[in-house]
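Descriptive analysis of the structure
Here are the chains, one letter per residue:
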Amino acid sequence: MEELTEQEMVSTCVLLLNAGHEATVNTTVNGWWTLLRHDVRPDPENLSTAVEELLRYDTPLQMFERWVLDDIEIGDVTLPRGSEVALLFGSANRDPARFGPTADVLDLGRADNPHITFGAGIHYCLGAPLARLELTAVFGELLRRAPGLRLAAEPVWKPGYVIRGFEELLVEV
Ligand code: HEM
């Protein structure tokens, strides 16, 4: 039986810790900001479409990169082998060609919501089911315990365009 080396175990733990923490934190905080800003609250007992919409509407990981392995044509553009491509998940998640005229609208009951917040293909997020559980738990609990939550100050964005999130979100209970 093949076993992981100590080095492989340590790097797997580091990957899971980093990948598993930052995006979930930012989805939670961005999501609360979206709810507070729009002055809407989903039903804490029925959060499935709301969680998907918050993942879509304010995409926490805006950009991922891919390297082209073979020449490929996409639309009118030929991408040569070896090029580096930046995939703009945040932009795709607001694409009217896919989400129609309400692409820019927050719809907590959106039924058809094939967002790509967790990526696509062989690198699709390993932790997506866990992230969905965490988000359902955290939004549900806070909605139940603090139904009157409101914004205490206009938040400041963190610098950078890959991870979208705030330095902090100050709220009053
Ligand atoms: C809302 C929370 C999360 C978001 C938005 C998110 C998003 C993503 C995205 C966009 C990718 C890259 C997909 C691609 O390249 O196509 C990814 C990969 C990954 N995520 Fe997440 N993630 C989240 C939570 C988590 C959690 C909780 C874990 C684990 C505990 C996790 C573990 C990973 C791992 C290991 C990969 C690499 C997969 C691979 O390259 O094969 N993620 N995630």
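The structure contained in this document is the topic of the report that follows. (Residues numbered from 1 in each chain as written. Predicted model: local features only at pLDDT ≥ 70, side-chain atom pairs only at ≥ 80, totals over all residues. Heavy atoms only, no water.)

A few words now on the site of the ligand. Lining the immediate environment of the ligand, one finds 24 residues, of which Thr-27, Arg-66, Ala-120, His-123 and Cys-125 sit closest. Measuring from an oxygen atom of the ligand, one finds a side-chain N or O atom of Arg-66 at 2.7 Å. Note that an oxygen atom of the ligand is positioned 2.7 Å from one of the side-chain N or O atoms of His-123. Mapped onto the shell around the ligand, the elements with two or more residues apiece are helix H1 (6–38), strand S1 (63–67) and helix H5 (128–145). Per element, the largest residue contribution to the shell around the ligand is 6 residues, and it comes from H1. Among the residues making up the shell around the ligand, the classes are represented as 15 nonpolar, 7 polar and 2 charged. (Near = heavy atom within 4 Å. Polar contact = N/O pair within 3.5 Å; in protein donor to acceptor, adjacent residues only side chain to side chain. Helix = DSSP H or I, 4+ residues; strand = E, 2+ residues; numbered from the N terminus. Nonpolar A, V, L, I, M, F, W, Y, C, P; charged D, E, K, R; others polar.)

Turning to the nonpolar core, a few remarks are in order. One broad trend across soluble globular proteins is that nonpolar side chains are buried collectively. Counting 22 residues, the largest nonpolar core has Trp-32, Leu-35, Leu-47, Leu-54, Leu-108, Phe-139 and Leu-169 as its most contacted members. Sorting the residues of this core by element identifies H1, helix H2 (48–57) and H5 as the ones contributing at least two each. (Core = buried A, V, L, I, M, F, W, Y, C linked by side-chain atoms within 4.5 Å. Buried < 20%, exposed > 50% of the residue type's maximum accessible area, 1.4 Å probe, protein only.)

To continue, consider H5. Every α-helix winds through 3.6 residues per turn, so residues three or four apart in the chain are directed the same way. Compared with an ideal rise of 1.5 Å per residue, which puts 18 residues at 26 Å, H5 spans 26 Å between its outermost C-alpha atoms and is within 8% of the ideal. Within the span of H5, buried status applies to Ala-128, Ala-131, Leu-135, Phe-139, Gly-140 and Leu-143. Buried residues in H5, looked at end-on, bunch into an arc of 150°, giving them a common side. Relative to its buried face, H5 has exposed residues pointing more than 90 degrees away, namely Pro-129, Leu-130, Leu-133 and Arg-145. Tucked inside the fold, the buried residues of H5 contact H1 and H2. (Expected span 1.5 Å × (residues − 1). Arc of directions from axis to C-beta. Contact = heavy atoms within 4.5 Å.)

Note on placement: Leu-69 falls in the loop between S1 and strand S2 (72–74). Taking the relative accessible area as the measure of exposure, Leu-69 reaches 64% and is therefore exposed.

Position of Thr-24 among the secondary structure elements: in helix H1. Classification of Thr-24 by relative accessible area gives buried; the value is 14%. A distance of 3.0 Å separates a polar side-chain atom of Thr-24 from the backbone oxygen of Gly-20. When neighbours within four sequence positions are excluded, Thr-24 is seen to be in contact with Glu-134 and Leu-135.

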